[in-house]
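# What the coordinates show
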Amino acid sequence: MSNAYALQAKGLVKRFGSITAVDGLDLQVEPGVTYGLLGPNASGKTTLIRLLMGILPPTQGEATLLGKRVPDRALRTRVGYMPQAIALYEDLSVQENVTFYARLMGAYTAEGVAEVIGLVDLADRAKSIVAALSGGMKRRASLACALVHRPEVLFLDEPTVGVDPHLRVQFWEHFQRLNAQGVTIVVSTHIMDEAERCTRLGLLYQGRLIAEGTAKGLRERAGAETLEQAFLKFSGNGQA
Ligand SMILES: Nc1ncnc2c1ncn2[C@@H]1O[C@H](COP(=O)(O)OP(=O)(O)O)[C@@H](O)[C@H]1O
Ligand SMILES: [Mg+2]
């Protein structure tokens, strides 16, 4: 049955010394959806993404990705990750960075590299070294690296911070196209209009999922006008 889900977590706990970053978390995400992790700073979004990918070992519990318990080397080429902290070679060009990731994943084609660079609207900067780019451009280049091998599951950790609104809309349109192709996306955000675009949301607070559902469903359950107000109610910080 576990194969019915693109990913599953059971009783995930991650402690860093006295800090419990993820605090007993169960999660199921079906294939072909965009699942949004919505939560304030330090609520455990980045840690959860790392646990789900198998980059970080859990203190307790387990995660399964595409039917395999993580970590599993066989998953490497099937998963894409855009980390919150941009991981690019500053002294290489955009094109060289994307080519490097494509080759690392055994998925290099010149057309594939050009396609993702075009998708993130960096075609005219393809030959620029990363060090010369703005923060938003670096983020776009980082997304190109995460997409170039056509992963089945994509983890995006606050992908649109510093990205212009019009390009942000294009990103989300592309995420929807990927979903239509069966790609599963897990995205962390604290931007409310992005959260609205997710198929389903998990509200993360102090390392726990305090509520799950569609944006509309969560607002209705909380009797709230906005997702922000709903979050405050579910976390016990809003007036009931
Ligand atoms: N490597 C680490 N060592 C120690 N504490 C960490 C580490 N990574 C995260 N934390 C702590 O875990 C909590 C959750 O962090 P994080 O997962 O980065 O949250 P978010 O991405 O929601 O901002 C925070 O209190 C953070 O300081
Ligand atoms: Mg984070």
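Our subject in this report is the structure included herewith. No experiment lies behind these values; they were computed from the predicted model shown.

### A few points about the sheet that holds strand β1 (residues 7-16)
Pairing in this open sheet of four strands is antiparallel, and the strands run β2-β1-β4-β5 from one edge to the other. Only two strands of the sheet have a single partner each, and these edge strands are β2 (19-29) and β5 (68-69). Bridging between β1 and strand β4 (residues 60-65) involves five bridges; their strand directions are antiparallel. Residue pairing in the sheet places Gln 8 in a bridge with Thr 64 of β4. Set on the sheet, helix α1 (residues 45-53) makes contact with β1, β2 and β4; between it and β1 the angle comes to about 125 degrees.

### Quick notes on the side chain of Lys 14
Mapped onto the elements of the fold, Lys 14 is located in strand β1. Put simply, Lys 14 is tucked away with no salt bridge, and the nearest opposite charge, on Asp 23, sits 13 Å away. Leave out the neighbours within four places in its chain, and Lys 14 touches Ile 19, Thr 20, Ala 21, Val 22, Thr 47, Leu 51, Leu 56, Pro 57, Pro 58 and Thr 59.

### What about the sheet that holds strand β3 (residues 34-38)?
If you trace the six strands from one edge of the open sheet to the other, you get β6-β7-β8-β3-β9-β10, paired in mixed fashion. Across the chains shown, the open sheet's two edge strands, defined by having one partner strand only, are β6 (79-82) and β10 (208-213). Taking each pair of neighbouring strands and ignoring which way they run, the sheet shows an average axis angle of 15 degrees. With four bridges joining them, β3 and strand β9 (residues 200-205) adopt parallel strand pairing. Bridged to Gly 36 within β9 is Leu 201.

### Describing the coordination of the magnesium ion (ligand 2)
Around the magnesium ion (ligand 2), the protein supplies Thr 46 (OG1) and Gln 84 (OE1) as donor atoms, at distances of 2.0 to 2.2 Å. Here the residue Thr 46 occupies a position in helix α1, and Gln 84 occupies one in the loop between β6 and α2 (94-104), the gap between them amounting to 38 residues.

Reading guide: rules and limits
- Residues numbered from 1 in each chain as written.
- Chains lettered and ligands numbered in written order.
- Predicted model: local features only at pLDDT ≥ 70, side-chain atom pairs only at ≥ 80, totals over all residues.
- Heavy atoms only, no water.
- Pairing = 2+ DSSP bridges.
- Helix = DSSP H or I, 4+ residues; strand = E, 2+ residues; numbered from the N terminus.
- Contact = heavy atoms within 4.5 Å.
- Axes fitted to C-alpha atoms, helices over the stretch in contact; angles between N-to-C directions.
- Buried < 20%, exposed > 50% of the residue type's maximum accessible area, 1.4 Å probe, protein only.
- Lys, Arg positive; Asp, Glu negative; His and termini not counted.
- Salt bridge = Lys/Arg side-chain N within 4 Å of Asp/Glu carboxyl O.
- Donors = N, O, S within 2.8 Å, 3.2 Å for Na, K, Ca; no water.

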